[in-house]
Amino acid sequence: MTITTTDERTLADLQREHGPALLHFLLGLTFGDRQRAEDLLQETLVRAWQHPEAFDAPYDSMRPWLFTVARRLAIDARRSRQARPAEVGDAVLETTPAGEDPADTTVSALDVRDAVRTLSPEHRAVLVQMYFRGLTVDETARVLGIPAGTVKSRSYYALRRLSHNLPGYSSRSSSRSRASNETASAAST
């Protein structure tokens with residue numbers, strides 16, 4: 001099987017005669033992206049090289065055929081770029097925070113579970129309904145059969161107790177308290 005292609009001289013003449021106009025046309029289709037326009041121009045000339053039968057067409061100039069091929073290639077390239085996810089540059093990657101380590105998340109969940117076990121059953125029931133099941137104060141009151149005010153106070157005291165029982169929280173809260181006390185004593189003198 002013999003594949004016929006356009007001879008080099010004819011292709012060079014084609015590029016010299018129509019290349020600048022075709023590049024200008026492709027720059028418009030690629031919104032001024034010169035690299036893409038040059039790539040599309042090259043691909044258009046490759047198509048002309050691969051299809052010598054286009055030179056036997058009844059029209060006087062190859063320009064309409066070239067512009068049609070170039071336009072179709074530009075449309076295909078744009079569709080191809082839109083079909084895949086946008087590329088992410090290095091700047092975005094440098095500013096993106098690293099994801100949480102699953103081991104840290106698991107350890108935190110175990111710490112919270114242990115701290116919740118130290119609560120009284122009444123306080124634990126309120127926190128389970130409100131924070132683990134996502135109920136409102138009124139809904140929690142209805143489920144537990146207690147007044148809404150009791151739900152609020154139990155959740156307050158339960159969270160306060162948890163804050164002291166969770167690892168690492170005590171040092172932060174005591175340093176905040178110390179700073180608050182120092183500010184208050186300085187203001188009173």
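Below is a summary of the structure that appears in this document. (Residues numbered from 1 in each chain as written. Predicted model: local features only at pLDDT ≥ 70, side-chain atom pairs only at ≥ 80, totals over all residues. Heavy atoms only, no water.)

1. Considering the overall build of the protein chain
- When helices and strands are tallied, the protein chain shows nine helices and zero strands.
- Long-range contacts, defined here as pairs at least 24 residues apart, represent 55% of the contacts in the protein chain between residues at least 6 apart.
- Counting every atom, the protein chain has about 13,700 Å² of accessible surface; 54% of that belongs to carbon and sulfur. (Helix = DSSP H or I, 4+ residues; strand = E, 2+ residues; numbered from the N terminus. Contact = heavy atoms within 4.5 Å. Areas by Shrake-Rupley, 256 points an atom, 1.4 Å probe, with all protein chains shown as cover.)

2. Topic: the nonpolar core
- In terms of nonpolar packing, the biggest core is built from 20 residues, with Leu-14, Leu-22, Leu-26, Trp-65 and Leu-66 touching the most fellow members.
- Per-element accounting of this core gives the leading share, seven residues, to helix H3 (residues 63–83).
- Contact partners of Leu-14, with chain neighbours within four places excluded, come to Gly-19, Leu-45, Ala-48, Phe-55, Met-62 and Leu-66.
- The next biggest cluster of nonpolar side chains, apart from the first, holds six residues, and it includes Ala-115, Leu-119, Leu-127 and Ala-158. (Core = buried A, V, L, I, M, F, W, Y, C linked by side-chain atoms within 4.5 Å. Buried < 20%, exposed > 50% of the residue type's maximum accessible area, 1.4 Å probe, protein only.)

3. Observations regarding the side chain of Ser-155
- Within the secondary structure, Ser-155 is located in helix H8 (residues 148–165).
- Here Ser-155 falls in the buried class, since its relative accessible area comes to 9%.
- Filtering out sequence-adjacent residues up to four positions away, Ser-155 remains in contact with Val-126, Leu-127 and Met-130.

4. Let's talk about a nonpolar patch on the surface
- A surface patch of nonpolar side chains, about 390 Å² in accessible area, is lined by Val-112, Tyr-131, Phe-132 and Leu-159.
- Locating Val-112 in the fold gives a position in helix H5 (residues 102–117). (Patch = residues over 30% accessible without salt bridge, like charges linked within 9 Å, V, L, I, M, F, W, Y side chains within 5 Å. Salt bridge = Lys/Arg side-chain N within 4 Å of Asp/Glu carboxyl O.)

5. Details of the packing of helix H1 (residues 8–29) against H3
- Running from N to C, H1 and H3 cross one another at 35 degrees; their axes reach a closest spacing of 10 Å. Every pair of crossing elements has a handedness; the one defined by H1 and H3 is right-handed. Where H1 approaches H3, its residues Leu-14, Glu-17, His-18, Ala-21, Leu-22, Phe-25, Leu-26 and Leu-29 are matched on the opposing element by Arg-63, Leu-66, Phe-67, Ala-70, Arg-71, Ala-74 and Arg-78.
- A per-class count over the contact of H1 with H3 returns 10 nonpolar, one polar and four charged. (Axes fitted to C-alpha atoms, helices over the stretch in contact; angles between N-to-C directions. Left-handed = near helix turned anticlockwise from the far one by under 90°. Nonpolar A, V, L, I, M, F, W, Y, C, P; charged D, E, K, R; others polar.)

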